[in-house]
Amino acid sequence: MKRAKTYRPATQLIHGGVERTSFDETSDAVFLTSGFIYDSAEQAERTFTGEEDRYQYSRFNNPNLTSLQNRLSILENAEACVLTSTGMSAIYASLMPLIKTGDRVVASRALFGSSYWIVENLLPKLGIETVFVDGTKLDQWQEALSKPTAAVLIETPSNPMLDILDIKAIADLTHKAGGKLIVDNVFATPLYQHPLQWGADIVVYSCTKHIDGQGRVLGGAVLGNKETIEDNITPFVRNTGISLSPFNAWVLFKGLETLPLRVEKMTQNAQACSEFLEKSPLISRVLYPGLKSHPHYELGQKQMSASSTMIGFEIKGGKKAAFTFMNALELILISNNLGDNRCIMTHPATTTHMKIGEKERLHLGITDGSIRFSVGIEDVQDIIEDLQRGLDAVAALSPS
Ligand SMILES: *Cc1c(COP(=O)(O)O)cnc(C)c1O
């Protein structure tokens, strides 16, 4: 689809990147093959020297991976994309080729649990100096990036309390320090925020989240310019074997077709739910980028084209109240995935963020009453009635 580049996102997500076979199928074929054959020994040789562009082996590439890479690149307006087995392997693959022993890495504190683990535990073992900063405080970035730094990793909006970080300002400081900025863009989705446009060098997705959005498969993607991706990250993915399976690529490619419908509906529902939650006296804080009360509302308006499918909120009464609320829910599921069609709630302090320790957790604003809410596409009235059920159970706890 040569012309797809000129279409708007929703159209590109149906038509962009299609690799039709000679059978002219409507839907996309699945290429469940580990390898590919050659006409002759000479053709095999030409393929390995790079003279001939051909598929060789599905750890390197496969038509289903090509389709998904192309569709994501169009959406992100990126020169290149490489796919990985999970979101975490995408984070790992975006970081490791940029750094070596003796280098320095700076990261925002509010990171997905496993990303935090890589920076906190793995990198120091390899002789890499790591520094965490409070991502919303520019003076901390200025200080941390006053020394040469190879790579910077941030997430915005962040998991789980939806801090919004200034990508442009952090990118400028990163480049002055000689490094590359990696942005985990999962919470924003590829529809609402384009970090490359604000100066980031690499964008990372867990495709497991909104891109699949139907709770089926795991996958990851790394996007950026040709040099960064194809010279550094693609060889790392291919040679370490953290490639995406063709079947999962096909599932994700189909998922992209309905991404705008799902994400826009989730966002409408999330706006309504955040307004509902904000009115309750049993709730001390609601963090939602679409609410004027969000501490970084203005930055969100500038940097993102819409708010979010995710809400962070805090119930008064700590763990007991939070658990009472969650256990009273009938529709909203307790799970740790996000970006799914179905509403999902997580208690970060006892699950996703249990391992980081209480002090660090509180520093991130994750209290015993904090709940992360991934809003689904169900009828918003049913969702709000379920939230009311939870609030009623919490109200029944107190003596008044
Ligand atoms: C889920 C998630 C990841 C990790 O993705 P997996 O596909 O589970 O490996 C990384 N960052 C963020 C923000 C996530 O939500």
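None of the values given here were measured: they were computed from a predicted structure.

Caption draft 1: Local environment of the sheet that holds strand β11 (residues 344-346). Here five strands make up an open sheet; going across it, the order is β8-β9-β12-β11-β10 and the pairing mixed. Lying at the two open borders of the sheet, with one neighbouring strand each, are β8 (283-287) and β10 (333-334). Across four bridges, the pairing between β8 and strand β9 (residues 310-315) is antiparallel. Within the sheet, the bridge partner assigned to R285 lies in β9 and is E314. Sheet contacts for helix α12 (residues 259-279): β8, β9 and β12 (370-374); angle to β9, the most-contacted strand, approximately 15°.

Caption draft 2: Region of the structure containing the packing of aromatic side chains. Per the stated rule, a full pass over the model turns up six aromatic pairs. Note on Y57 and F60: the rings are 6.1 Å apart at their centroids and 85° apart in plane angle, and the pair reads as edge-to-face. Since its relative accessible area comes to 24%, F60 is described here as partly exposed. The side chain of R71 reaches across the aromatic face of F253, ending 3.6 Å from its centre.

Caption draft 3: The arrangement of the domain arrangement of the chain in detail. Its domain assignment divides the chain into domain 1 (4-30 + 61-257) and domain 2 (259-395). The centre of domain 1, based on its C-alpha atoms, is set 24 Å off from the matching centre of domain 2. Contacts between the two partners involve 41 residues from domain 1, matched on the other side by 43 residues from domain 2. When the two sides are added together, the surface that domain 1 and domain 2 hide from each other amounts to roughly 3400 Å², 63% of it contributed by carbon and sulfur. When the buried area of domain 1 at its contact with domain 2 is split by residue, M161, I164 and Y192 rank highest and sum to 26% of it. Here domain 1 and domain 2 share one salt bridge between them. Connecting domain 1 to domain 2 are 21 residue pairs in polar contact (both at pLDDT 80 or more). Sorting the residues of the side of domain 1 that touches domain 2 by element identifies α1 (9-15), α5 (113-125), α8 (189-192), α9 (208-212) and α11 (246-257) as the ones contributing at least two each. Broken down by element, the side of domain 1 that touches domain 2 gets its largest block of residues, five residues, from α9. Counted by class, the side of domain 1 that touches domain 2 contains 22 nonpolar, 12 polar and seven charged residues.

Caption draft 4: Main features of the UniProt feature "modified residue: N6-(pyridoxal phosphate)lysine" (unreviewed entry) in the chain. Annotation from UniProt places "modified residue: N6-(pyridoxal phosphate)lysine" (unreviewed entry) at K209. Counting through the fold element by element, K209 comes out in helix α9. On the basis of relative accessible area, K209 is assigned to the buried category, the value being 10%. Sequence-distant contacts of K209, that is, excluding residues within four places in its chain, are made with F112, V186, N337, L338 and G339.

Caption draft 5: Examining the pattern of salt bridges more closely. Taken as a whole and judged by the stated rule, the model has 15 salt bridges. Here E129 makes a salt bridge to R104, at a shortest N to O gap of 2.8 Å. With E129 in strand β3 (residues 129-133) and R104 in strand β2 (residues 104-108), the pair connects residues that are 25 residues apart, well separated along the chain. Put simply, E257 and K254 hold a salt bridge, and the shortest N to O gap is 3.4 Å. Of this pair, E257 and K254 both sit in helix α11, separated by three residues, roughly a single helical turn. Since its relative accessible area comes to 23%, E257 is described here as partly exposed. A single salt-bridge network, built from bridges that share partners, covers R109, D134, K137 and E360.

About the criteria used
Residues numbered from 1 in each chain as written. Predicted model: local features only at pLDDT ≥ 70, side-chain atom pairs only at ≥ 80, totals over all residues. Heavy atoms only, no water. Pairing = 2+ DSSP bridges. Helix = DSSP H or I, 4+ residues; strand = E, 2+ residues; numbered from the N terminus. Contact = heavy atoms within 4.5 Å. Axes fitted to C-alpha atoms, helices over the stretch in contact; angles between N-to-C directions. Phe/Tyr/Trp six-rings, centres within 6.5 Å; stacked < 30°, edge-to-face > 60°. Buried < 20%, exposed > 50% of the residue type's maximum accessible area, 1.4 Å probe, protein only. Lys NZ or Arg CZ within 6 Å of the ring centre and 35° of its normal. Domains from an automatic or database assignment. Buried area = accessible area lost by both parts, 1.4 Å probe. Salt bridge = Lys/Arg side-chain N within 4 Å of Asp/Glu carboxyl O. Polar contact = N/O pair within 3.5 Å; in protein donor to acceptor, adjacent residues only side chain to side chain. Nonpolar A, V, L, I, M, F, W, Y, C, P; charged D, E, K, R; others polar. UniProt positions renumbered as here; feature names shortened; annotations may be inferred.

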